[in-house]
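Examining the three-dimensional arrangement
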Amino acid sequence: FLPKRKKPRDCLINLKIQKENPKVVNEIDIEDLRSTNVCYCRCWRSKTFPVCDKSHIKHNELTGDNVGPLILKKKIL
Ligand code: FES
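Source: prediction; values computed, not measured. Residues take numbers from 1 onward in each chain, read along the sequence in its written order. Reporting in this predicted model follows two pLDDT cut-offs: at least 70 for local features of residues, and 80 or more for side-chain atom pairs to be given and counted; totals over whole chains, interfaces and linings ignore these cut-offs and use all residues. The side-chain figures draw on all heavy atoms in the structure; neither hydrogens nor water molecules are used.

Considering the pairing of strand β1 (residues 37-40)
Buried residues are those whose accessible area, probed at 1.4 Å on protein chains only, stays under 20% of the maximum for their type, while exposed residues exceed 50% and partly exposed ones sit between those limits. We count a stretch as a helix when DSSP gives it H or I for four or more residues in a row; a strand needs E for two or more, and each element gets its number in order from the N terminus. Of the two faces of β1, only one is covered, namely that formed by Val38 and Tyr40; the face formed by Asn37 and Cys39 stays uncovered. Here 4 bridges tie β1 to strand β2 (residues 70-73), and the two strands are oriented antiparallel to one another. Along β2, the bridge assignment pairs Val38 with Leu72. Any two strands between which DSSP finds at least two bridges are classified as paired.

Digging into helix α1 (residues 55-63)
Listed as buried for α1 are Ser55, His56, His59 and Asn60. Mapping the buried residues of α1 onto a view down its axis gives an arc of 135°, with all of them on the same face. Across α1 from its buried face, at more than 90 degrees, point the exposed residues Lys58, Glu61 and Leu62. For this quantity, the arc is that covered by the directions from the helix axis to the C-beta atoms.

As for the environment of Phe49
With respect to the helices, strands and loops of the structure, Phe49 is situated in the loop between β1 and α1. On a C-alpha basis, the gap between Phe49 and Asn26 in space is 9.4 Å, while along the polypeptide they are 23 residues apart. It only takes one pair of heavy atoms within 4.5 Å for two residues to be counted as in contact. The contacts of Phe49, once residues within four sequence positions are left out, are Ile17, Val24, Asn26, Cys41 and Trp44.

Topic: the side chain of His59
By secondary structure assignment, the location of His59 is in helix α1. The class of His59 is buried, set by a relative accessible area of 12%. With residues near it in sequence (within four places) discarded, His59 still touches Cys43, Arg45, Gly64, Asp65 and Val67.

Some details on the environment of Gln18
The residue Gln18 is located in the segment before β1 in this model. Sequence spacing of Gln18 and Phe49 is 31 residues, and the spatial spacing of their C-alpha atoms is 9.9 Å.

Right, here's the structure in full:
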């Protein structure tokens, strides 16, 4: 038994971020990080993309998914 094939729109991860661009690429210079912890979105639902705004919590509740942010930690020397 094979699952029913989804329509292409149902397979999209990115629903609304920079749709005018052929590819979404974000570049972050690690040297410019100001705070010791910065969270980057991996669920594509953040209103402050590429920075996580905790929208993944609602996304996970609605879909049963388990995504979360990428957390960059800066060591204080
Ligand atoms: Fe997308 Fe937090 S809002 S991972």
